[in-house]
Amino acid sequence: MTRKSRRLWLVVACMIGLGSAAALTLNAFSSNIVFFMAPSQVHSKPPPADRTIRLGGMVVAGSVHQEKVKDAPVAIFDVTDGQAAVTVRYEGILPDLFREGQSVVAVGTVNPDGTFRASEVLAKHDETYMPKEVAEELRRSGKWDPRFGKAPDAASWNTMTAADAPKKPATQTP
């Protein structure tokens, strides 16, 4: 073998090794990525049944029901983004800050019947916090503009649009 052909084989072997390592890394990342979806996105384009997603929105007032199944607490509630609502079933103890009309992010899978089976529920930590993805969906749907103050309560979403918002931004009080 000439020196030139040995160098060529070495470069080809390095490229194959580097390509294989990149493919394995990307495959590992793709199986561990958890996408955020709003309830309207779940209704319009449901994810595969085995795909774990984060469902974010506001808990619909009056939709929370607690029950016990084999001595384990089960919570059933609806999450909405103002355009659609998804029923969530969570087996476990809800966070202390979980309340109706508040932001929530649930991690889990969508069942074939359209309900969401949550393995984890995350609640907001104070009255001004809203998950970034939830805020983006509310802005995109025209239900909230952050320049005009805090997000509206979930009960007013069906009647409120961006056109209903005041024309001047709310003044901040120290």
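Note that the structure is predicted; figures quoted are calculated from it, not measured.

1. Observations regarding the overall build of the chain
At step 1: Counting its secondary structure elements, the chain contains three helices and seven strands.
At step 2: Starting at the N terminus and walking to the C terminus, you meet the elements of the chain as α-β-α-β-β-β-β-β-β-α.
At step 3: A burial count over the chain gives 32% of its 174 residues as buried.
At step 4: Restricting the contact set of the chain to residue pairs at least 6 apart, pairs at least 24 apart contribute 47%.
At step 5: Taken as a whole, the chain presents about 11,500 Å² of accessible surface, with 58% of it coming from carbon and sulfur.

2. Some points on the UniProt feature "signal peptide" (unreviewed entry) in the chain
At step 1: The positions that UniProt labels "signal peptide" (unreviewed entry) are, in the present scheme, residues 1-23.
At step 2: Across residues 1-23, helical content stands at 91% and strand content at 0%; the span's end C-alpha atoms are separated by 31 Å.

3. Digging into the pattern of salt bridges
At step 1: Applying the stated criterion across every chain yields a total of three salt bridges.
At step 2: Taking the shortest distance from any N to any O, the salt bridge between glutamate 67 and arginine 89 comes out at 3.9 Å. With glutamate 67 in strand E3 (residues 65-69) and arginine 89 in strand E5 (residues 85-91), the pair connects residues that are 22 residues apart, well separated along the chain.
At step 3: Among the residues examined, glutamate 67 registers a relative accessible area of 36% and is labelled partly exposed.
At step 4: Ionic pairing is found between arginine 117 and glutamate 91, a salt bridge with its closest N-O pair at 3.4 Å. Remark: glutamate 91 occurs in strand E5 and arginine 117 occurs in strand E7 (residues 116-123); sequence separation between them is 26 residues.
At step 5: Judged by relative accessible area, which is 41%, arginine 117 ranks as partly exposed.
At step 6: Each of Glu67, Arg89, Glu91 and Arg117 takes part in salt bridges that share partners, so that together they form one network.

4. Overview of a nonpolar patch on the surface
At step 1: A cluster of nonpolar side chains, namely Met1, Leu8, Trp9, Val12 and Ile16, defines an oily patch on the protein surface of about 600 Å² accessible area.
At step 2: Note on placement: isoleucine 16 falls in helix H1 (residues 3-32).

5. Examining the nonpolar core
At step 1: Counting residues in hydrophobic clusters, the biggest one holds 19 residues, and the most contacted among them are Phe77, Val88, Phe116 and Val121.
At step 2: Within the residue set of this core, elements represented by two or more residues are strand E2 (53-59), strand E4 (72-80), E5, strand E6 (103-110) and E7.
At step 3: Excluding its chain neighbours within four sequence positions, the residues that come into contact with phenylalanine 77 are Val59, Ser63, Val64, Val86, Thr87, Val88, Tyr90, Leu94, Phe98 and Val121.

About the cut-offs
Residues numbered from 1 in each chain as written. Predicted model: local features only at pLDDT ≥ 70, side-chain atom pairs only at ≥ 80, totals over all residues. Heavy atoms only, no water. Helix = DSSP H or I, 4+ residues; strand = E, 2+ residues; numbered from the N terminus. Buried < 20%, exposed > 50% of the residue type's maximum accessible area, 1.4 Å probe, protein only. Contact = heavy atoms within 4.5 Å. Areas by Shrake-Rupley, 256 points an atom, 1.4 Å probe, with all protein chains shown as cover. UniProt positions renumbered as here; feature names shortened; annotations may be inferred. Salt bridge = Lys/Arg side-chain N within 4 Å of Asp/Glu carboxyl O. Patch = residues over 30% accessible without salt bridge, like charges linked within 9 Å, V, L, I, M, F, W, Y side chains within 5 Å. Core = buried A, V, L, I, M, F, W, Y, C linked by side-chain atoms within 4.5 Å.

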